[in-house]
Amino acid sequence: MNPKKHEPLFSTCRCGKVKFEAVGAPILTGACYCASCQEAGRRLEQLASAPPVLDPDGGTGVVLFRKDRVQCVKGQEYLEERRLKPKSPTRRVVATCCNSAMLLDFTKGHWLSMYRNRFPTGAPPLEMRVMTKDRRAGVELADDVPNYGGFSGKFMFKLLAARIAMGLRRTDITWGKSARNH
C-alpha cells in the first residue's frame, strides 16, 4: 500500500446507526493501560447492552487520527459525551442507540483516539502499548510490539509531527451532547 494513499476507514456502532469516516494515515495504533482508560472502560461497559471497550488484558485499543481527518457521516444525533469528572479535558463519545463507545477526545489536543474494536474491518495493527505501568496486577504483556511504562518518545514524536502537519492549528469537535450524571 502506498503510505501517502490510504483508503478511508469506517468505524460503526454495534447496531449500525452511527458511522465515522477517517481518511489518511492514522497517527498511530496503540493500546493504553492508564488508570483513566481502565476506569472509563469499566464504566462504559456497564451501560445497558454495551459492547466491550477494554481488551481482555485491560488495555484500551485505539487508532489515533488527526481531528481534521475524521467526520461523523451517519447518526450524529445519537452521540453523547461521557467524562470521568465534570471538568475533565478528556471525553468519551458514546453512540446512545446501542451504548457503543466510539472515540476518546482529548479536547485540548489535535487528535481523536477512535476505539479500535469499533472498526469492523481494516483496523491497522497494534504498534505499541503505553502506560503499561498502570496495567492490572498479574497481567503479562506479549512482546509482539513495544511496551512502554509511560508515553514513549516515539508516541510523542508522532503526535508532534501530526500537529505540525496540521499547521499547528487545533480543530474543536462538537459531536456528542453532554450526558447528565456521568
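Predicted model only: the values in this text are computed from it and were never measured.

What counts as what
- Residues numbered from 1 in each chain as written.
- Predicted model: local features only at pLDDT ≥ 70, side-chain atom pairs only at ≥ 80, totals over all residues.
- Heavy atoms only, no water.
- Phe/Tyr/Trp six-rings, centres within 6.5 Å; stacked < 30°, edge-to-face > 60°.
- Lys NZ or Arg CZ within 6 Å of the ring centre and 35° of its normal.
- Helix = DSSP H or I, 4+ residues; strand = E, 2+ residues; numbered from the N terminus.
- Core = buried A, V, L, I, M, F, W, Y, C linked by side-chain atoms within 4.5 Å.
- Buried < 20%, exposed > 50% of the residue type's maximum accessible area, 1.4 Å probe, protein only.
- Contact = heavy atoms within 4.5 Å.
- Salt bridge = Lys/Arg side-chain N within 4 Å of Asp/Glu carboxyl O.

Novice: Hey, could you run me through the packing of aromatic side chains in this one?
Specialist: Within a pair of aromatic rings, the relevant descriptors are the distance that separates the centres and the angle that separates the planes. Under the defined criterion, the tally for this structure stands at one aromatic pair. The ring centre of F10 lies 4.5 Å from the NZ or CZ of K19, which sits over that ring.

Novice: Would you mind showing me how to read the environment of A22 here?
Specialist: The topology assignment puts A22 in strand 2 (residues 19-22). Distance from A22 to H6, taken between C-alpha atoms, is 9.8 Å for residues 16 residues apart in sequence.

Novice: Just checking my understanding: could you explain the nonpolar core for this structure?
Specialist: The nonpolar side chains of soluble globular proteins are, as a tendency, buried together. Of all hydrophobic cores here, the largest spans 22 residues; its most connected members are I27, L44, L64, Y115 and F155. Broken down by element, the residue count for this core peaks at three residues, all from helix 2 (residues 153-165). With residues up to four places along the chain from it excluded, the contact list for L44 reads A50, V53, R82, R92, V94, A101 and Y115. Counting 18 residues, the second largest nonpolar core, distinct from the first, contains L9, C98, M102 and F119.

Novice: Teacher, can you tell me more about the pattern of salt bridges here?
Specialist: Between side chains of opposite charge, pairing is possible as soon as their charged atoms come close. Counting across every chain of the model gives nine salt bridges. Put simply, R83 and E81 hold a salt bridge, and the shortest N to O gap is 3.0 Å. Of the two residues, R83 and E81, both sit in the buried class. In this structure, E81 and R91 form a salt bridge, with 2.9 Å as the shortest nitrogen-oxygen distance.

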